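One letter stands for each residue in the lines below.
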Amino acid sequence: MSELPGIVVTGASGRMGQMLVRTIAESGAARLVGALERAGHDWIGRDIGEAMGGAAIDVLVTDDPVEVFAKAQAVIDFTAPAATVAFAGLAAQARAVHVIGTTGLTEADLKAINAAARHAVIVRAGNMSLGVNLLVQLTKKVAAALDEDFDIEIIEAHHNQKVDAPSGTALMLGEAAAEGRGVKLADVRDSGRDGMTGARMRGNIGFAAIRGGDIVGDHDVLFAAKSEQITLRHRAMDRTVFAKGALKAALWGQDKSPGEYDMVDVLGL
Ligand SMILES: NC(=O)C1=CN([C@@H]2O[C@H](COP(=O)(O)OP(=O)(O)OC[C@H]3O[C@@H](n4cnc5c(N)ncnc54)[C@H](OP(=O)(O)O)[C@@H]3O)[C@@H](O)[C@H]2O)C=CC1
Ligand SMILES: O=C(O)C1=N[C@H](C(=O)O)C[C@H](O)C1
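Residues numbered from 1 in each chain as written. Chains lettered and ligands numbered in written order. Predicted model: local features only at pLDDT ≥ 70, side-chain atom pairs only at ≥ 80, totals over all residues. Heavy atoms only, no water.

- An unreviewed UniProt entry lists the protein under the name 4-hydroxy-tetrahydrodipicolinate reductase, with Cognatiyoonia koreensis as the source organism.
- Comment text from UniProt for the protein, heading Pathway (unreviewed entry), reads "Amino-acid biosynthesis; L-lysine biosynthesis via DAP pathway; (S)-tetrahydrodipicolinate from L-aspartate: step 4/4."
- Regarding the protein, the UniProt comment filed under Sequence similarities (unreviewed entry) reads as follows: "Belongs to the DapB family." (UniProt positions renumbered as here; feature names shortened; annotations may be inferred.)

Written out as structure tokens, the structure is:
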């Protein structure tokens, strides 16, 4: 019997990192071959299972991506933009599928990731859940069906430790709405209203970000016209939906040609 695909989790001590370690262990479809943290992290050298407060699973936390990526068929990465760009190059060198959940990436980061995808499979999405990727498709459809009498507003809410806004998901939804309308998001994006903003500009796509407590991730797409409104809503109740999607992407990517893919490709939506 052939061995299950080996997976490295980066940022293994993080909220998503720990969820991924558990999801892989419970999946029966893959095995954890590495857990990565930044140099100096106090989990380095410890068994990841024990560091997470459970039983040992014979995988020590390391700060050496080159050594662990060489053993892996896939790298699942929910960290921070600078780390993700560096991991994209290293995962491509190791010919490992790189699943990127990290958000807050700049245009320059995206360019570097795209260059790495010339040599290996990269699956990147601001949200790995089935529900949100379906919502993206629905948003595109509804935006295409309605004219600019409907103002489009994207409202997202997350926990108080989130460092980027608007969320990666909100931007995916904004791109979908813009595509549905046949415009470029960059030309109609309206985020961060504060002070004497003036009246809302017709055709703009607005963003609002709420941060509080332990909200996992809520997204509304509001289409508001005179006398009627439509709201499309997704709420993540816990992070398993993201981790399961990421694992699915890592397995899906195993027999694909080098290139950059997203969860719409993985889920066949
Ligand atoms: N696409 C999706 O479906 C989802 C995306 N996300 C995104 O994933 C990212 C992480 O979220 P979350 O888990 O909540 O954040 P956390 O801060 O809990 O975890 C991030 C982890 O990455 C580590 N890290 C940062 N830099 C490096 C590095 N150079 N090498 C190794 N590890 C590093 C951090 O370490 P340290 O603490 O030392 O900095 C931390 O342990 C965010 O961008 C978030 O928006 C989150 C959920 C779903
Ligand atoms: O940081 C988070 O937590 C999340 N980030 C992603 C985003 O930026 O959209 C996905 C999810 O909403 C949780």
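Structure's up, so let's keep going.
**Brief notes about the site of ligand 1**
Working step 1: By nearness alone, 22 residues border ligand 1, and Arg15, Glu37, Arg38, Thr103 and Met128 come closest of all.
Working step 2: Here an oxygen atom of ligand 1 and a backbone polar atom of Met16 are 2.9 Å apart.
Working step 3: Here ligand 1 loses 78% of its free accessible area of 920 Å² to cover by the protein chains.
Working step 4: Broken down by secondary-structure element, the contributors of at least two residues to the shell around ligand 1 are helix 1 (15-27) and helix 4 (81-93).
Working step 5: In the shell around ligand 1, the residues fall into seven nonpolar, 10 polar and five charged. (Near = heavy atom within 4 Å. Polar contact = N/O pair within 3.5 Å; in protein donor to acceptor, adjacent residues only side chain to side chain. Areas by Shrake-Rupley, 256 points an atom, 1.4 Å probe, with all protein chains shown as cover. Helix = DSSP H or I, 4+ residues; strand = E, 2+ residues; numbered from the N terminus. Nonpolar A, V, L, I, M, F, W, Y, C, P; charged D, E, K, R; others polar.)

**Let's talk about the confidence of the model for the protein**
It should be kept in mind that the predicted coordinates are not to be read in detail where pLDDT is low.
Working step 1: Of all residues in the protein, 99% have pLDDT values of 70 or greater, and the mean over the chain is 97.
Working step 2: The complex prediction reports pTM at 0.98, with the ipTM value standing at 0.99. (pLDDT = per-residue confidence, 0-100.)

**Observations regarding helix 1**
Working step 1: End to end, helix 1 covers 18 Å across 13 residues, agreeing with the expected 18 Å (1.5 Å per residue, within 8%).
Working step 2: Where helix 1 is concerned, the buried positions are Met16, Gly17, Gln18, Met19, Leu20, Val21, Thr23 and Ile24.
Working step 3: Each element contacted by the buried residues of helix 1 is listed here: strand 1 (6-10), strand 2 (31-36), helix 2 (48-51), strand 4 (74-77) and helix 9 (240-252).
Working step 4: The positive-phi residue at the C-terminal boundary of helix 1 is Gly28, with phi of around 70°. (Expected span 1.5 Å × (residues − 1). Buried < 20%, exposed > 50% of the residue type's maximum accessible area, 1.4 Å probe, protein only. Contact = heavy atoms within 4.5 Å.)

**What about the site of ligand 2?**
Working step 1: Inspection of the region around ligand 2 gives Thr103, Gly126, Asn127, His158, His159, Lys162, Ser167, Gly168, Thr169, Val216, His219 and Phe242 as its neighbouring residues.
Working step 2: Here an oxygen atom of ligand 2 and a side-chain polar atom of His158 are 2.6 Å apart.
Working step 3: In the environment of ligand 2, an oxygen atom lies 2.8 Å from a nitrogen or oxygen atom belonging to the backbone of Gly168.
Working step 4: For the shell around ligand 2, a count of residues per class yields two nonpolar, nine polar and one charged.
Working step 5: Mapping the shell around ligand 2 onto the domain boundaries places at least three of its residues in each of domain 1 (6-128 + 239-267) and domain 2 (130-236). (Domains from an automatic or database assignment.)

**Remarks on the UniProt feature "binding site: NADP(+)" (unreviewed entry) in the protein**
Working step 1: Per the UniProt entry, the sites bearing "binding site: NADP(+)" (unreviewed entry) are Arg38 in this numbering.
Working step 2: Tracing the chain through its elements places Arg38 in the loop between strand 2 and helix 2.
Working step 3: Assessed through its relative accessible area of 65%, Arg38 is described here as exposed.
Working step 4: If we ignore the near neighbours within four places in the chain, the residues touching Arg38 are Ile44 and Asp63.

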